[in-house]
Amino acid sequence: MNLLPKSSREFGSVDYWEKFFQQRGKKAFEWYGTYLELCGVLHKYIKPREKVLVIGCGNSELSEQLYDVGYRDIVNIDISEVVIKQMKECNATRRPQMSFLKMDMTQMEFPDASFQVVLDKGTLDAVLTDEEEKTLQQVDRMLAEVGRVLQVGGRYLCISLAQAHILKKAVGHFSREGWMVRVHQVANSQDQVLEAEPQFSLPVFAFIMTKFRPVPGSALQIFELCAQEQRKPVRLESAERLAEAVQERQQYAWLCSQLRRKARLGSVSLDLCDGDTGEPRYTLHVVDSPTVKPSRDNHFAIFIIPQGRETEWLFGMDEGRKQLAASAGFRRLITVALHRGQQYESMDHIQAELSARVMELAPAGMPTQQQVPFLSVGGDIGVRTVQHQDCSPLSGDYVIEDVQGDDKRYFRRLIFLSNRNVVQSEARLLKDVSHKAQKKRKKDRKKQRPADAEDLPAAPGQSIDKSYLCCEHHKAMIAGLALLRNPELLLEIPLALLVVGLGGGSLPLFVHDHFPKSCIDAVEIDPSMLEVATQWFGFSQSDRMKVHIADGLDYIASLAGGGEARPCYDVIMFDVDSKDPTLGMSCPPPAFVEQSFLQKVKSILTPEDMLKTVKIV
């Protein structure tokens, strides 16, 4: 028996619903979930003694079950005479206080302010099937009637799939009326599967529109989202941001449904956000290993990346994560990166926080009640201490942080937040500058300073190991100096170098300290980076090392145009990156490898060993 309409427009037809309920008979039809699945949100927003109007009640058992748990003052209306007759017959004896009326919800016969709650389970979705003018006018009449029959302080509680056009219409209508708008997710994607689309899971939402007394001249609009795992609603700044947040939930539900069906989605990553602040708390990467043979215990595992190590190749790159998953021997491995700016108590706390959420990403075929192992390196969550955070007009937001490496040594890093997984500059801290030592030193300074003194960082010159190069490309560039001439003579003869790109200053500082005859010009486009290098990475200028604040391209072009008086360098090193990730080439930017620019570079190099003196990274 086919009960589906020939087109979505029939959902608004009286004849369609009369035929629907005649063919279906008295068997209940539940839109978007049963009472047991919805009772949490219903009991949260409806009080037992309130007068409730259910619009488009159909033959759902929801009103009956609410009545049976103490909600006695319920009026049900529907446009179908057939279904109203059925429901009256079923409930006349067992639920005498509950009424069923044949009525058009766009022309209700109740006096103004008759109800404290109007409950709608799927009715708005059934009526608002498109955005044609006739449909929108019908919905306007429906929503206007809802507002008319509700008391001030009353709620319109609408259970919906929150499709974009429906959310836009409902939120737009009631926010313009000055009502408070809240969207509450009431069902996980795995709990509700849309019957008409068996290959696609959608979460169910409740719109809670609270009627406020009109305030002349007031433009206040309140938009809130309450997700299942959130303890309290999150206030959003606009209807557009609310729509985006709902769409993110729907996309997550779609992703979970596809992952459960063994869909090959390629590289999958997602952020899990703090329920109270909305800030990203965890970044998850889903890695499948099709070559791993399934067994009872190797279906699924979670790998917690220690703080500060998410930038390493094994954890930060697709190929690295694939290697990690294959080595771990699980069909599906989810790597979890912990975000800076968030507090994490322990591995056990993280496991408790993630357990329910990550199970939504489990592969198909995993046995129920299967224990999912949480893995890590050394069993701990690592150490990350943010020492400084600021914003550069050129480079954007950045942080200076100290992290613990796999050998328990500490490293200081410069990270641009526009590219969080790339370490811009890195230096190793001296052994005595441990996490505890830094805290003790800070405490001692507080005891010794005046009460109104500023809290300054530890002197970087005392904490940075200037003899150690962290970056592999810096090591390669230093090794490349051996190509100039006899390596044994490098320490004894003058060496003129130009370094384009300062960052934390580790590269020019190493050359300065280990090649006593060297003279270095460093060019940096961002003056904020000179401050960072000086204050946090132990960098300082001297008579042999000067920093020029300029665009590297312009600086070299200016030198190249200097004629006979232009300086000549033995080595030019480029340690610059592109600020535009869409270019696909991050280091160096494309302009630095154009033929015309390389000709200018050539003109300021010493003639000897010309082709060996350009080092580009």
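Each value, and the rule that gives it
Residues numbered from 1 in each chain as written. Predicted model: local features only at pLDDT ≥ 70, side-chain atom pairs only at ≥ 80, totals over all residues. Heavy atoms only, no water. Axes fitted to C-alpha atoms, helices over the stretch in contact; angles between N-to-C directions. Helix = DSSP H or I, 4+ residues; strand = E, 2+ residues; numbered from the N terminus. Parallel < 35°, antiparallel > 145°, perpendicular 65-115°, else oblique. Left-handed = near helix turned anticlockwise from the far one by under 90°. Contact = heavy atoms within 4.5 Å. Pairing = 2+ DSSP bridges. Buried < 20%, exposed > 50% of the residue type's maximum accessible area, 1.4 Å probe, protein only. Phe/Tyr/Trp six-rings, centres within 6.5 Å; stacked < 30°, edge-to-face > 60°. Lys NZ or Arg CZ within 6 Å of the ring centre and 35° of its normal. Core = buried A, V, L, I, M, F, W, Y, C linked by side-chain atoms within 4.5 Å. Expected span 1.5 Å × (residues − 1).

Participant: Please give an account of the packing of helix 16 (residues 552-560) against helix 17 (residues 595-603) that cites residues and values.
Facilitator: Packing of helix 16 against helix 17 brings their axes to within 9 Å, and their N-to-C directions diverge by 55°. Taken together, the axes of helix 16 and helix 17 lie oblique to each other. Both helix 16 and helix 17 take part in a crossing whose hand is left-handed. Each of Leu553, Ile556, Ala557 and Ala560 in helix 16 lies in contact with helix 17, whose residues at this interface are Phe597, Lys600, Val601 and Ser603.

Participant: Go over the sheet that holds strand 16 (residues 396-404) with me, naming the residues and quoting the values.
Facilitator: Here we have four strands laid out as an open sheet, ordered 15-16-17-18, and antiparallel in their pairing. Of all strands in the sheet, those with a lone pairing partner are strand 15 (384-392) and strand 18 (423-428), marking the two edges. The average undirected angle you get between the axes of adjacent strands in this sheet is 15°. Alignment of strand 15 against strand 16, held across eight bridges, turns out to be antiparallel. Bridging from a neighbouring strand, Thr385 pairs with Asp402 of strand 16.

Participant: Could you give an account of unusual backbone geometry, with specific residues and numbers?
Facilitator: Non-glycine residue Ala113 carries a positive phi angle of around 55°. Mapped onto the elements, Ala113 comes out in the loop between strand 3 (99-102) and strand 4 (115-121). Positive phi outside glycine occurs at Ala162, with the angle close to 55°. For Ala162, the location among the structural elements is in the loop between strand 5 (150-160) and helix 7 (164-176). On the basis of relative accessibility, which here comes to 1%, the residue Ala162 falls in the buried class.

Participant: With reference to specific residues and values, describe the sheet that holds strand 11 (residues 280-288).
Facilitator: Either a parallel or an antiparallel arrangement is found when strands of a sheet pair, and the pairing is made through backbone hydrogen bonds. The strand order 10-11-13-12-14 describes an open sheet built from five strands, whose pairing is mixed. Looking at the sheet topology across the chains shown, the edges are occupied by strand 10 (268-273) and strand 14 (374-376). On average, adjacent strands in this sheet sit at an angle of 25° to one another, irrespective of strand direction. In this sheet, strand 14 lies alongside strand 12 (residues 300-305) in parallel orientation, the contact comprising three bridges. Counterpart to Ile302 in the pairing with strand 14 is Phe374.

Participant: Quick rundown of the packing of aromatic side chains? Include the residues and the values.
Facilitator: Each aromatic ring pair is described using two quantities: the centre-to-centre distance and the angle formed by the ring planes. Under the criterion given, the structure shown has eight aromatic pairs. A network of ring pairs unites the aromatic residues Tyr156, Phe174 and Trp179 as a single cluster. A cation over a ring is seen here: Arg72 above Tyr67, with NZ or CZ 4.7 Å from the ring centre.

Participant: Can you tell me about the pairing of strand 17 (residues 410-416), naming the residues and giving the values?
Facilitator: Taken across its seven residues, strand 17 has seven buried, putting it largely inside the fold. Neither face of strand 17 is open: one carries Tyr410, Arg412, Leu414 and Phe416, the other Phe411, Arg413 and Ile415, and all of them are buried. Note that strand 16 and strand 17 share seven bridges and pair antiparallel. By the bridge assignment for strand 17, Asp402 is matched with Arg412. Adjacent in sequence and paired antiparallel, strand 16 and strand 17 are bridged by five residues, among which Lys408 carries a positive phi angle near 70°.

Participant: Before we move on, can you summarise the nonpolar core with the specific residues and values?
Facilitator: Of all hydrophobic cores here, the largest spans 41 residues; its most connected members are Leu53, Ile55, Leu124, Tyr156 and Phe207. Ranked by the residues each element gives to this core, the list is headed by helix 6 (residues 133-149), at six residues. Residues Ile46, Leu66, Ile74 and Val83 belong to the second largest nonpolar core, which totals 30 residues.

Participant: Please give an account of the environment of Val69 that cites residues and values.
Facilitator: As for its placement among the helices and strands, Val69 is situated in the loop between helix 3 (62-68) and strand 2 (74-78). Given the relative accessible area of 46%, Val69 is considered partly exposed. What Val69 contacts, discounting residues up to four positions off in sequence, is Tyr35 and His43.

Participant: Give a detailed account of helix 7, specifying residues and quantitative values.
Facilitator: Between the first and last C-alpha of helix 7 there are 18 Å, a value that for 13 residues agrees with the 18 Å anticipated at 1.5 Å per step. Burial analysis of helix 7 places 10 of its 13 residues in the buried class, the great majority of the element. Residues His165, Ile166, Leu167, Lys169, Ala170, Val171, Gly172, His173, Phe174 and Ser175 constitute the buried set of helix 7. Phi for Gly178, located one or two positions after helix 7, is positive at around 85°.

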